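Residues per chain are reported as follows:
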Amino acid sequence: MSPDHPPGLDLDRLRGLLDRERPGLVTGPLTGRLIEGGRSNLTYALSDGTSRWVVRRPPLGHVLATAHDMKREHRVISALHPTEVPVPRPVLLCEDEEVLGAPFYVMEFVEGTPYRTAGQLAALGPERTRDAVLNLVDTLVELHAVDPVEAGLADFGRPEGFLDRQLRRWGKQLDASRSRDLPGVEELHAALGRELPASPPRRSCTATTGWTTS
């Protein structure tokens, strides 16, 4: 398959969907390429020669239950986009597996460079590297300042008992995808269970008192 038609991305079916759901969005022939480097869901860069977008879908083949929820990702991005948190503009969510073989969503393409190594940061120089790190902290501050109720995420997730559920889910996912022996992994899982801290209680934000527990 050519680079413009990577596995998991049927451009003809995708174009048909976009023309139906977002008339006028695409103005030329679509091309797509896989954005490499991720280890979870598949991410593609999409272009019509004028505009660019990104497509996110689960990996091909075996998919672990609850691990690749496109609707969940799309909901969070849609909720955060109007806030100060820098996230791409959502374009479309498709839950019809007939289009690409799995649920997926489309969002705008945001230009940027993922820095993964110290060598890459070294090329920026110390001052720009410091700015990048501080911007990361600032973004986390903006994220934690979002009121889930105001963002439409009041019912999103269950903070009570989250850590316990997460540890149990990791164990089930490891068992479901195990392809080789991992010495010590059972002992590690047991040790994490013994030292697991209590999950924090659900919090709500009020205009008069700020963050409160409930």
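Residues numbered from 1 in each chain as written. Predicted model: local features only at pLDDT ≥ 70, side-chain atom pairs only at ≥ 80, totals over all residues. Heavy atoms only, no water.

Visitor: Go over the nonpolar core, please, and point to the residues and values.
Guide: Leu9, Leu14, Leu46, Val55, Phe104 and Val106 are the most contacted members of the largest nonpolar core, which has 19 residues in total. Secondary structure elements with two or more residues in this core: α1 (11-21), β2 (42-47), β3 (52-57), β4 (90-94), α3 (97-100) and β5 (104-108). It is α1 that contributes the most residues to this core, four residues altogether. In this structure Val55 touches Leu9, Leu14, Leu42, Thr43, Tyr44, Leu46, Leu100, Phe104, Tyr105 and Val106, once residues within four positions along its chain are discounted. One finds Val54, Val87, Met107 and Val146 within the second-largest nonpolar core, a separate group that totals 12 residues. (Core = buried A, V, L, I, M, F, W, Y, C linked by side-chain atoms within 4.5 Å. Buried < 20%, exposed > 50% of the residue type's maximum accessible area, 1.4 Å probe, protein only. Helix = DSSP H or I, 4+ residues; strand = E, 2+ residues; numbered from the N terminus. Contact = heavy atoms within 4.5 Å.)

Visitor: How would you summarise the pattern of salt bridges if you had to cite specific residues and measurements?
Guide: Between side chains of opposite charge, a pair can form as their charged atoms come close. For the structure on display, the rule yields seven salt bridges. Here Glu73 makes a salt bridge to Arg56, at a shortest N to O gap of 2.8 Å. Linking Glu73 in helix α2 (residues 70-80) with Arg56 in strand β3, this pair joins segments that are 17 residues apart in sequence. Residue Glu73 is classed as partly exposed on the basis of its relative accessible area of 23%. (Salt bridge = Lys/Arg side-chain N within 4 Å of Asp/Glu carboxyl O.)

Visitor: Any chance you could break down the layout of surface pockets for me, citing the residues and the numbers?
Guide: Each pocket or cavity is described by its volume, and for the second largest pocket that value is around 1100 Å³. Every residue lining the second largest pocket is counted, 32 residues in all, and those nearest its centre are Val110, Glu111, Gly112, Thr113 and Pro114. Those elements that provide at least two residues to the lining of the second largest pocket are β3, α2, β5 and α5 (126-145). In terms of residue count, the dominant contributor to the lining of the second largest pocket is α5 (six residues). Among the residues forming the lining of the second largest pocket, the class breakdown is 16 nonpolar, eight polar and eight charged. (1 Å grid on protein atoms, 1.4 Å probe; cavity = no way out; pocket = protein on both sides within 12 Å on 5 of 7 lines; lining within 4 Å. Points joined across faces, edges and corners; volume = space filled by probe spheres on them. Nonpolar A, V, L, I, M, F, W, Y, C, P; charged D, E, K, R; others polar.)

Visitor: Lay out the sheet that holds β2 in plain terms, naming residues and giving numbers.
Guide: Ordered by their spatial adjacency, five strands build an open sheet running β1-β2-β3-β5-β4, and the pairing between neighbours is antiparallel. One side of each edge strand has no neighbouring strand; the edge strands of this open sheet are β1 (31-34) and β4. Taken over all neighbouring pairs, the strand axes of this sheet differ in orientation by 20 degrees on average, direction set aside. Inspection of the sheet shows β4 paired to β5 by four bridges, in the antiparallel sense. Its bridge partner lying in β5, Leu92 is registered against Val106. Across the sheet, α1 touches β1, β2, β3, β4 and β5, and the angle it forms with β4 is around 115 degrees. Docked against the sheet, α2 engages β3, β4 and β5, running at close to 155 degrees with respect to β4. (Pairing = 2+ DSSP bridges. Axes fitted to C-alpha atoms, helices over the stretch in contact; angles between N-to-C directions.)

As far as function goes, none of this settles anything; it's purely spatial.
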